[in-house]
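# Observations on the model geometry
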Amino acid sequence: MKRVLSIAVVLVALTSASTAVADDGAGPFGVTVAAGAGAGSARVGVLLPADRVSRPAGGHFCTASVVRAPYRNLLVTAAHCLDGRGELVFVPGYRNGRAPYGVWKVKRRFLPRGWVAGRREDSDVVFAVVAPRGGKGVEDVVGGYRLATGTATGATAVTLTGYPDSRETPISCTNKPTAHSPTQQRIECPGFAGGTSGSPWVNGDGQVVGILGGHDEGGTTPDVSFSVVLGSEVERLYREAAGDP
């Protein structure tokens, strides 16, 4: 889980930022705002223990998002969010205790070998298959982002959308990532405190090019977040997960 020393900065960032929301456009770089309830943010949601479905407020612990796959059933998040946990559900577009697009049971997880073998921070990405509802996959209901591997860090700005543990609505921020190391990227966006692990980094083409996690499980302050550079290990894992019905 992203470990931070304080969550007070979340409130500061949101009260001092522009009133524009994420769906209105990128806005100024490095400013965190309340994420709008549009089509893009519907693809992002919270992970929740299955026994908290009837009382979700205050129970969510990480963020995940829907990525395109042949069976239209695939999520991506940080590996440290799903490692060793019991039965979980995904609630896309979660707001104030409500599940506008339903509650989806996580039925299978695909952890990379580097994470299973030694919790390598360069392998902090996981895919999860969710069970269908009413004959439909989650992607049929909310759509999905394309996953992009091999993208140069900082080639374009990206937008992060996630759910801090302290909030019941998502936040969003756009900025340009920079290299932390050859295998890790970092971004400056205030307010991304505990609970935002797994938040997708989405470029202007609607591609996920990062997942909040990696170094220090996403960072030790709310102002700077990290992601694995999505490379061949993630690509192989995606292909395996995407083939699971």
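The structure displayed is predicted, hence computed values, not measured ones.

What follows deals with the sheet that holds strand 12 (residues 184-188). Here 3 strands make up an open sheet; going across it, the order is 11-12-15 and the pairing antiparallel. Where the open sheet ends on each side, the last strands, each with one partner, are strand 11 (178-181) and strand 15 (224-228). Pairwise comparison of adjacent strand axes, ignoring direction, gives a mean angle of 35° for this sheet. Sheet topology places strand 12 next to strand 15; 5 bridges connect them, and they run antiparallel. In the strand pairing of strand 15, Gln184 is matched with Val228.

Attention shifts here to the sheet that holds strand 6 (residues 104-110). If you walk around this closed barrel you meet the 6 strands as 2-3-4-7-6-5, and the pairing is antiparallel. Here the strands of the sheet are splayed against their neighbours by 45° on average, with no regard to which way each runs. Of the pairings in the sheet, the one linking strand 5 (residues 88-92) to strand 6 comprises 2 bridges and is antiparallel in character. What sits directly across from Phe90, in strand 6, is Trp104. Contacting strand 4 (74-77), strand 6 and strand 7 (126-130), helix 6 (residues 232-242) runs over the sheet at an angle of about 10° to strand 7.

A separate point is the packing of aromatic side chains. Under the counting rule described, the total for this entry stands at 2 aromatic pairs. The aromatic ring of Tyr145 is capped on one face by Arg43, whose charged end is 5.2 Å from the ring centroid. Looking at Arg133, its charged tip hangs above the ring of Trp104, at a distance of 5.3 Å from the centre.

Enumeration according to the criterion identifies 2 disulfides in this entry. Linked covalently through their sulfurs, Cys62 and Cys81 form a disulfide whose S-S length is 2.1 Å. The sign of the -75° torsion about the S-S bond sets the Cys62-Cys81 disulfide as left-handed. One end of the pair, Cys62, is in strand 3 (residues 62-67); the other, Cys81, is in helix 3 (residues 79-82), with 19 residues separating them in the sequence. Taken as a pair, Cys62 and Cys81 share a single burial class, namely buried. Linked covalently through their sulfurs, Cys173 and Cys189 form a disulfide whose S-S length is 2.1 Å. Of note, the bridge from Cys173 to Cys189 carries an S-S torsion of about -80° and is left-handed in sense. Here Cys173, found in strand 10 (residues 171-175), pairs with Cys189, found in the loop between strand 12 and strand 13 (200-203); they are 16 residues apart in sequence, far enough to count as distant. Residue classification places Cys189 among the buried positions, given a relative accessible area of 0%.

On inspection of all chains with the given rule, the structure shows 2 cavities of 30 Å³ or more. The volume enclosed by the largest cavity comes to roughly 60 Å³. Taken together, Thr151, Ala152, Thr153, Gly154, Ala155, Thr156, Val158, Pro177, Gln185, Asn203 and Val209 make up the lining of the largest cavity. Among the residues forming the lining of the largest cavity, the class breakdown is 5 nonpolar, 6 polar and no charged. Around the second largest cavity sit Ala148, Thr149, Gly150, Thr151, Thr153, Gln185, Val209, Val229 and Leu230, which together line it.

Scoring rules and cut-offs
Residues numbered from 1 in each chain as written. Predicted model: local features only at pLDDT ≥ 70, side-chain atom pairs only at ≥ 80, totals over all residues. Heavy atoms only, no water. Pairing = 2+ DSSP bridges. Helix = DSSP H or I, 4+ residues; strand = E, 2+ residues; numbered from the N terminus. Axes fitted to C-alpha atoms, helices over the stretch in contact; angles between N-to-C directions. Contact = heavy atoms within 4.5 Å. Phe/Tyr/Trp six-rings, centres within 6.5 Å; stacked < 30°, edge-to-face > 60°. Lys NZ or Arg CZ within 6 Å of the ring centre and 35° of its normal. Disulfide = S-S within 2.5 Å. Buried < 20%, exposed > 50% of the residue type's maximum accessible area, 1.4 Å probe, protein only. 1 Å grid on protein atoms, 1.4 Å probe; cavity = no way out; pocket = protein on both sides within 12 Å on 5 of 7 lines; lining within 4 Å. Points joined across faces, edges and corners; volume = space filled by probe spheres on them. Nonpolar A, V, L, I, M, F, W, Y, C, P; charged D, E, K, R; others polar.

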